[in-house]
Structure formats: structure tokens, C-alpha cells
Amino acid sequence: DAGVTQSPTHLIKTRGQQVTLRCSPKSGHDTVSWYQQALGQGPQFIFQYYEEEERQRGNFPDRFSGHQFPNYSSELNVNALLLGDSALYLCASSLEGGAFSPLHFGNGTRLTVT
Amino acid sequence: QQQVKQSPQSLIVQKGGISIINCAYENTAFDYFPWYQQFPGKGPALLIAIRPDVSEKKEGRFTISFNKSAKQFSLHIMDSQPGDSATYFCAARPFSGNTGKLIFGQGTTLQVKP
């Protein structure tokens, strides 16, 4: 039973560029959340997708956008990259309807912006 | 603003000792409090979680103690082992029926010396 998988594992981009990160949820899960984890910090919630729609959003600018596909996989897009966007981007999946359905995290994509 | 404050930032414990990590929150509208363990290069993995109507939960060597009136909760690791050396995050879920958003603490780096 595959867990949450993310690709790529590492990425280097230049300021001003755009990036797309990908996530496949754990088998049986239908909800995907994205988090940003700066070095030495706890993860910060970016947004959540369910039924192909953004359902909830954290305190991140519109440069951060996403998409969920019918097979529940998801993409995170970041436009006009800034140096401060360098971080580990984590995808987490869960099952909607479970009152205490735990989040299962992938191993993340390490984004470096130069 | 919803916040979760975690202490200490780092912790060194001898093998066989007890590791204690504390968290406090500033908003009463949380309904689920998980703890995550993260190893370098990996995503956070759920260790144990508690609901606010329970004062203590134990799973193996890991125990959560929850004090609703003080808005505090803590993780106790009994008989700490070198393999427990990792970063630990407490988190809280805003009460919204949404499973994906967690507010994380800043993390505690635990080193267990042989």
C-alpha cells in the first residue's frame, strides 16, 4: 500500500521562475493538503483540495495555486519565485469524513530558489 | 491569531531516560492534538494524537497528557532510545470539520545519547 508520494525530491529554480510540484495521495485518501516547511520551523498550511476544489487556504499569496485531479492527485504551482520560497514543500493526504482522520505526509520536495 | 507554542527547542536525554516536550495553545477552538516525529530528509509521521475530552493517552512508550483548563499538552517518551532521536512537532487542528489544516509548533530536536 503506497503512501503519499511527491515529485521531484529536489528542485533548483531562479528568482522569477515558476515551479510545479506533484503529489499522489495515499491509497484510499481523497483529500490533499499542502504545507511549506522552512528550515528549522514547523510546517505551515498552504491550502487543501477536496473534490477538485480549493476548500481552505492559509496565509499565502495568490502566487501559490493548486489543482486536484479526478484521481485525487494534486499539483502545487508557485509563480514569480522569491528567495524566501526556498523550503521543503510537503503534501499530506487524508480521508474526508473521518472526524479525526490523520494526515499522512510525503517526504516532500526540497525547493531552492537562487 | 491561532498559535501553538512548543518548548524546549532542543533536548538531550540519556538512553533510558524520560523525554518531555511541552506545548501550549492560545485559542480554544481546536478539536484534535496530534504529535508528529520527523527524521532528516523525511516527512512528518504521526506518533500519537489526543482529543480535548481526554486527559491522557498512552501508546507504547509514548504518552500525551492534556490539560484543557491550562490550554497545555505534553508528550512523554519513556525509556528513550537513540532511535528516538528526531524532531518532534506538536500540532492542533482548528475546529472546522476540516481534516487538513493543522497549526504546528516550532519543533523540538531530541537527541538521545547512548
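Structure: above.
Residues numbered from 1 in each chain as written. Chains lettered and ligands numbered in written order. Predicted model: local features only at pLDDT ≥ 70, side-chain atom pairs only at ≥ 80, totals over all residues. Heavy atoms only, no water.

J.: Please give an account of the overall build of chain A that cites residues and values.
T.: A tally of helices and strands in chain A yields zero helices and eleven strands. If you list the helices and strands of chain A from N to C, you get β-β-β-β-β-β-β-β-β-β-β. By principal-axis analysis of the C-alpha atoms, chain A measures approximately 40 × 25 × 25 Å. Expressed as a percentage of its 114 residues, the buried residues of chain A come to 46%. Summarising the internal contacts of chain A: among those between residues at least 6 apart in sequence, 53% fall at separations of at least 24. With the model as given, the accessible surface of chain A reaches about 5400 Å², and the carbon-plus-sulfur share is 49%. With 8 positive and 10 negative side-chain charges, chain A shows a spacing of 13 Å between the two charge centroids. (Helix = DSSP H or I, 4+ residues; strand = E, 2+ residues; numbered from the N terminus. Buried < 20%, exposed > 50% of the residue type's maximum accessible area, 1.4 Å probe, protein only. Contact = heavy atoms within 4.5 Å. Areas by Shrake-Rupley, 256 points an atom, 1.4 Å probe, with all protein chains shown as cover. Lys, Arg positive; Asp, Glu negative; His and termini not counted. Charge placed at Lys NZ, Arg CZ, Asp CG, Glu CD.)

J.: Quick one: what's the story with the environment of glycine 16 of chain B, residue by residue and with numbers?
T.: Residues and elements named next belong to chain B. Within the fold, glycine 16 resides in the loop between β2 (10-14) and β3 (19-25). Glycine 16 sits 63 residues away from aspartate 79 along the chain, and the two C-alpha atoms are 4.0 Å apart. Residues within four places of glycine 16 in sequence aside, it is in contact with Asp79, Ser80 and Gln81.

J.: Requested: an account of unusual backbone geometry, with residues and values cited.
T.: Omega for the bond connecting serine 7 of chain A with proline 8 of chain A falls within 30 degrees of zero, at -10°, which places this linkage in the cis form. Topologically, proline 8 of chain A is positioned in the loop between β1 (5-7) and β2 (10-13). Put simply, serine 7 of chain B and proline 8 of chain B share a cis peptide bond, and its omega is -5°. You can see proline 8 of chain B is positioned in the loop between β1 (4-7) and β2. Within the chain, glutamate 51 of chain A stands out as a residue other than glycine whose phi angle is a positive 50°.

J.: How would you summarise the pattern of salt bridges if you had to cite specific residues and measurements?
T.: Residues and elements named next belong to chain A. Summed over all chains, the structure comprises nine salt bridges over all chains. Across the pair glutamate 75 and arginine 22 runs a salt bridge, and its minimum N-O distance is 3.4 Å. With a gap of 53 residues between them, glutamate 75 in strand β8 (residues 74-78) and arginine 22 in strand β3 (residues 19-24) connect regions that are remote in the sequence. Under the relative-accessibility criterion, glutamate 75 is labelled buried at 17%. Its salt-bridge partner being arginine 57, residue glutamate 54 comes within 3.0 Å of it at the nearest N-O pair. With a relative accessible area of 35%, glutamate 54 lands in the partly exposed category. (Salt bridge = Lys/Arg side-chain N within 4 Å of Asp/Glu carboxyl O.)

J.: Break down the sheet that holds β3 of chain B for me, with residues and values.
T.: Residues and elements named next belong to chain B. An order of β1-β3-β8-β7-β6 is seen for the five strands of this open sheet, with the pairing classed as antiparallel. One side of each edge strand has no neighbouring strand; the edge strands of this open sheet are β1 and β6 (56-59). When strand polarity is set aside, the average angle formed by the axes of neighbouring strands in this sheet is 15°. The pairing of strand β7 (residues 62-67) with strand β8 (residues 72-77) spans six bridges and is antiparallel. Pairing of threonine 63 across the sheet is with histidine 76, part of β8. (Pairing = 2+ DSSP bridges. Axes fitted to C-alpha atoms, helices over the stretch in contact; angles between N-to-C directions.)

J.: Help me get a handle on the environment of tyrosine 32 of chain B, residues and values and all.
T.: By the secondary structure assignment, tyrosine 32 of chain B is in strand β4 (residues 30-38). Separated by 52 residues in sequence, tyrosine 32 of chain B and aspartate 84 of chain B have C-alpha atoms that sit 24 Å apart. Setting aside residues no more than four positions away along its own chain, tyrosine 32 of chain B makes contact with Phe100 and Pro102 of chain A together with Leu46, Ala49, Ile50, Pro52, Ala91, Ala92, Arg93 and Leu102 of chain B.

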